[in-house]
Amino acid sequence: MWITRGPLHAALKGHDHCGQALLQIGINMMALPGGRHLDSIPLPGQRLHLMQVDSVQRWMEDLKLMTECECMCVLQAKPISLEEDAQSDLILAGGPGPGDPLQLLLKRGWVISTELRRIGQKLAQDRWARVHSMSVRLTCHARSMVSEYSAVSRSSSQEMGQIEKLLMEKCSELSAVTERCLQVENEHVLKSMKACVSETLSTLGQHFGQLLELALTREVQALVRKINASDNIYTTESTTGNLFSLTQEGAPLCRIIAKEGGVVALFKVCRQDSFRCLYPQALRTLASICCVEEGVHQLEKVDGVLCLADILTDDSHSEATRAEAAAVVAQVTSPHLPFTQHLGSFLESMEEIVTALVKLCQEASSGEVFLLASAALANITFFDTMACEMLLQLNAIRVLLEACSDKQRVDTPYTRDQIVTILANMSVLEQCASDIIQENGVQLIMGMLSEKPRSGTPAEVAACERVQQKAAVTLARLSRDPAVAREAVRLSCMSRLIELCRSPSERNSSDAVLVACLAALRRLAGVCPEGLQDSDFQQLVQPRLVDSFLLCSNMEESFV
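Under the annotation held in an unreviewed UniProt entry, the protein carries the name INSC spindle orientation adaptor protein and is attributed to Felis catus.

Structure, rendered in structure tokens:
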């Protein structure tokens, strides 16, 4: 499973001091389903929400804190400039709807972190007028966040109150010191003041990060308590949906959810028959949380693997439920996460899970279901070598190769990437070669060497490269068997491998694909050398692998 970082994470990287402070507490954004980000959520009207109270005096007191950031920017700083970057510096300050503390925190968090990054950029350029005006705007945003959250939150802890005070003091200090910098002309004095501004900005970022983490932790605690206490299906559905939305904001929020008992609460839902219709949503949320170590540890503590095995092996559950359970399995067995390799409880249920996943691949009604099930199987083959032997016994090769001819199940390079991963890992077993030949698998692998992206997106191009690389690796391993090697030569695999080696455009200039193709070509040439021309043999087979690699990697196509 893949997770992409979103705008807040990118924003923080622009300024070493405040950005690193925020990254340490891990406030970052993730892409929402469908490619949407938090900043694409439509904003409500720009008028800030005013509490409706009977007392005019109370209204007057609250009004002091509830300012319009755009107005404050124009009144207290210089007018809107005609500089080309001025428009991008203006951030709409209208908050989310009343009574929505989570969205309020996330939106304000993104806005403030963006301002911190931009101030850092302008500071590095010594553009003091811009630094000051943006510092004033940052103060307005911070004040709005504190006042708005206080209006909708249940109660404020002493710790939060202290951090809020420190944050606002640093905001005021930043505005004051940047204003003084405008009056200074001596470069040496400005240089020393610049270090002071940078330190203040870094401390401000730390206070902001601490405050945001505390507030988000409180909201997560409230959601978890609500799930644990609810026996109403609609309340549980809504609360679980909110929790899932939070997991899409990044690994730091997943850590908070795991630490505050989110995994325990979600498995409690998955063990109640009355909530069966909510299983897919709860499992989808669990898969997201388990991208972090804390989530996997909590899953193991509550016997989550056993629960997943029960769901996968129970045919009374819907296909959607079993597919989401497969997604959790894929996540907790990911070879890219080092902490998943110590999941001891998984080995006890591995045979049941592998059997259920092969069945799910065979019966999948859509490409998405097949992708989730095959991804789980691919990861399991990395997790433990016994899984490959189990797959052989279950005739998984036949199931996977038959699925390749079914466009309803296998229609993207991402799915073929999972299939060829399984074949590559299984090909270390001697018996695998005969099964591959019996199911015409060599021809399928030959086709994967010609995998091409349809859309040209970076993700799809990368997936096609992985398919080509793993297909070449599979071919090289299987060609230990002379029968496979002869079949590969008969199907003109050698000519395709030569083309991939000599033509960078055919492999998208991928070095990984080039190395795999050279290795496969050398293995085939050892069995059937007559299939090579002299020039190919002298350049691609006879030299050391590194020399052939350097020769092919320097081949640039001429457009003259």
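Resuming the write-up.
A.B. asks: If you had to explain the overall build of the protein to someone new, which residues and values would you point to?
C.D. replies: Secondary structure assignment for the protein yields 29 helices and 0 strands. Sorting the 560 residues of the protein into buried and exposed places 53% on the buried side. Partitioning the intrachain contacts of the protein with sequence separation of at least 6 by distance along the chain shows that 73% fall at a separation of at least 24. Element-wise, carbon and sulfur atoms account for 51% of the exposed surface of the protein, whose accessible area totals about 25,700 Å².

A.B. asks: So, unusual backbone geometry: which residues are in play, and what are the values?
C.D. replies: Even without glycine at this site, Asn395 takes up a positive phi of about 55°. Counting through the fold element by element, Asn395 comes out in the loop between helix H19 (386-393) and helix H20 (396-404). At Asn508, a position not held by glycine, the phi torsion is positive, near 55°. Residue position: Asn508 is located in the loop between helix H26 (493-502) and helix H27 (511-527).

A.B. asks: Give a detailed account of the environment of Leu312, specifying residues and quantitative values.
C.D. replies: Inspection of the secondary structure puts Leu312 in helix H15 (residues 304-313). Sequence separation between Leu312 and Ala326 is 14 residues, and the spatial gap between their C-alpha atoms is 7.5 Å. Setting aside anything within four residues of it in sequence, one finds Leu312 in contact with Arg322, Ala325, Ala326, Val329, Ile353, Ala356 and Leu357.

A.B. asks: Provide a residue-level description of the nonpolar core, including the pertinent values.
C.D. replies: The biggest cluster of nonpolar side chains holds 154 residues, and the ones touching the most others in it are Leu283, Leu299, Val329, Phe346, Ile353, Leu357 and Ile380. With 14 residues, the top contributor of residues to this core is helix H9 (residues 187-229). Leave out the neighbours within four places in its chain, and Leu357 touches Leu312, Ala326, Val329, Ala373, Ala376, Leu377 and Ile380.

A.B. asks: Describe the pattern of salt bridges, with residues and values.
C.D. replies: Oppositely charged side chains can form a pair if their charged atoms are brought close together. Inspection of the entire model under this criterion finds 20 salt bridges. Where Asp314 meets Arg276, a salt bridge forms, and the shortest distance between an N and an O atom there is 3.6 Å. Here the residue Asp314 occupies a position in the loop between H15 and helix H16 (319-332), and Arg276 occupies one in the loop between helix H12 (262-270) and helix H13 (279-289), the gap between them amounting to 38 residues. Given the relative accessible area of 31%, Arg276 is considered partly exposed. One salt bridge in this structure joins Arg466 and Asp417, with 2.8 Å as the shortest N-O distance. Of this pair, Arg466 sits in helix H24 (residues 458-478) while Asp417 sits in helix H21 (residues 413-426), and the two are 49 residues apart along the sequence. Classification of Asp417 by relative accessible area gives buried; the value is 3%. Look at the salt bridges and you will find they share partners, linking Lys452, Arg496, Glu499 and Glu506 into a network.

A.B. asks: Which residues make up the packing of H19 against H21, and what values go with them?
C.D. replies: Closest axis-to-axis distance for the H19/H21 pair is 9 Å, and the angle between their directions is 105°. Between H19 and H21, the angle is such that the two are roughly perpendicular. Of H21, the residues touching H19 (which contributes Cys388, Leu391 and Leu392) are Ile422, Asn425 and Met426. Here the residues of the contact of H19 with H21 sort into 5 nonpolar, 1 polar and no charged.

A.B. asks: Tell me what's going on with the side chain of Arg496, and back it up with residues and numbers.
C.D. replies: Note that Arg496 resides in helix H26. What makes Arg496 buried here is its relative accessible area of 7%. Among the polar contacts made by the side chain of Arg496, one reaches the side chain of Glu499 at a distance of 2.9 Å. Excluding residues that lie within four positions of it along the chain, Arg496 makes contacts with Met446, Leu449, Ser450, Gln468 and Glu506.

A.B. asks: Pulling in residues and values, what's your account of H13?
C.D. replies: Residues spaced three or four apart along an α-helix face the same direction, because each turn holds 3.6 residues. By the criterion of burial, H13 is predominantly enclosed, with 10 of the 11 residues buried. For H13, the complete set of buried residues consists of Tyr279, Pro280, Gln281, Ala282, Leu283, Thr285, Leu286, Ala287, Ser288 and Ile289.

A.B. asks: Got a sec to walk through H12? Specific residues and values, please.
C.D. replies: Counting buried residues in H12 gives 7 out of 9 residues, a clear majority hidden from the surface. Inspection of H12 places Gly262, Val263, Ala265, Leu266, Phe267, Val269 and Cys270 among the buried residues, and these make up the whole buried set.

Conventions used here
Residues numbered from 1 in each chain as written. Predicted model: local features only at pLDDT ≥ 70, side-chain atom pairs only at ≥ 80, totals over all residues. Heavy atoms only, no water. Helix = DSSP H or I, 4+ residues; strand = E, 2+ residues; numbered from the N terminus. Buried < 20%, exposed > 50% of the residue type's maximum accessible area, 1.4 Å probe, protein only. Contact = heavy atoms within 4.5 Å. Areas by Shrake-Rupley, 256 points an atom, 1.4 Å probe, with all protein chains shown as cover. Core = buried A, V, L, I, M, F, W, Y, C linked by side-chain atoms within 4.5 Å. Salt bridge = Lys/Arg side-chain N within 4 Å of Asp/Glu carboxyl O. Axes fitted to C-alpha atoms, helices over the stretch in contact; angles between N-to-C directions. Parallel < 35°, antiparallel > 145°, perpendicular 65-115°, else oblique. Nonpolar A, V, L, I, M, F, W, Y, C, P; charged D, E, K, R; others polar. Polar contact = N/O pair within 3.5 Å; in protein donor to acceptor, adjacent residues only side chain to side chain.

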